[in-house]
Each structure stands twice: as structure tokens, then as C-alpha cells.
Amino acid sequence: MSMDIDLIFKIAAIGIIVSILNQVLSRSGREEQATMTSLAGLVVVLMMLAQKIADLFDLVKTLFEF
């Protein structure tokens, strides 16, 4: 149970950091870098979720194996 809460906190922290960096870069006139920062944050979160989804599929596979 605590692992799930840790994952939620990690995703929230990445979102907060990316949004702050996006605002700072946008205000300084570097919109391209702000977009790349947002894209990098999205990729990091998707990689974290892909690993958890793969673990879920492995669990379901072992559950229904007889």
C-alpha cells in the first residue's frame, strides 16, 4: 500500500517541478526549452507508469496460470 502512495507522491513532485520550470522558462522567453521540459517530464512519468503496468500484467498472468 505504501508503494502506491509513494508512486503518487513521486508523480506529483515531478509535476510540480516541471510546472515551475515551465513557468520560469516561459517567462524568460525560452518557450522551446519549456516545451521540451514538459515533454521530458511526461516521458519520465509514462516510463514509471509503464513499469507498474508491466508488473500488473505479470501479476494477472501468474494469477490465472494453473
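Here goes a summary of the coordinates provided.

How each quantity is defined
- Residues numbered from 1 in each chain as written.
- Predicted model: local features only at pLDDT ≥ 70, side-chain atom pairs only at ≥ 80, totals over all residues.
- Heavy atoms only, no water.
- Helix = DSSP H or I, 4+ residues; strand = E, 2+ residues; numbered from the N terminus.
- Rg over C-alpha atoms; globule rule 2.2 N^0.38 Å.
- Areas by Shrake-Rupley, 256 points an atom, 1.4 Å probe, with all protein chains shown as cover.
- Lys, Arg positive; Asp, Glu negative; His and termini not counted.
- Charge placed at Lys NZ, Arg CZ, Asp CG, Glu CD.
- Expected span 1.5 Å × (residues − 1).
- Buried < 20%, exposed > 50% of the residue type's maximum accessible area, 1.4 Å probe, protein only.

**Examining the overall build of the protein chain**
When its secondary structure is counted, the protein chain shows two helices and zero strands. In terms of overall dimensions, the protein chain is more spread out than a globule: its C-alpha atoms have a radius of gyration of 17 Å, far above the 11 Å expected for 66 residues. Projected onto its principal axes, the C-alpha positions of the protein chain cover 60 × 20 × 5 Å. In the form shown here, the protein chain has an accessible surface area of approximately 5,600 Å², with 72% of it arising from carbon and sulfur atoms. Distance between charge centres in the protein chain, computed from 5 positive and 7 negative side chains, equals 7 Å.

**Quick look at helix 2 (residues 31–64)**
Working note: α-helix, 3.6 residues per turn, so residues spaced by three or four point in the same direction. Relative to the 50 Å expected for 34 residues at 1.5 Å per residue, helix 2 spans 49 Å between its end C-alpha atoms, a close match to the ideal helical length. Turning to helix 2, its buried residues are Ala-34, Thr-37, Gly-41 and Val-45.

Taken by themselves, the reported measurements are silent on function.
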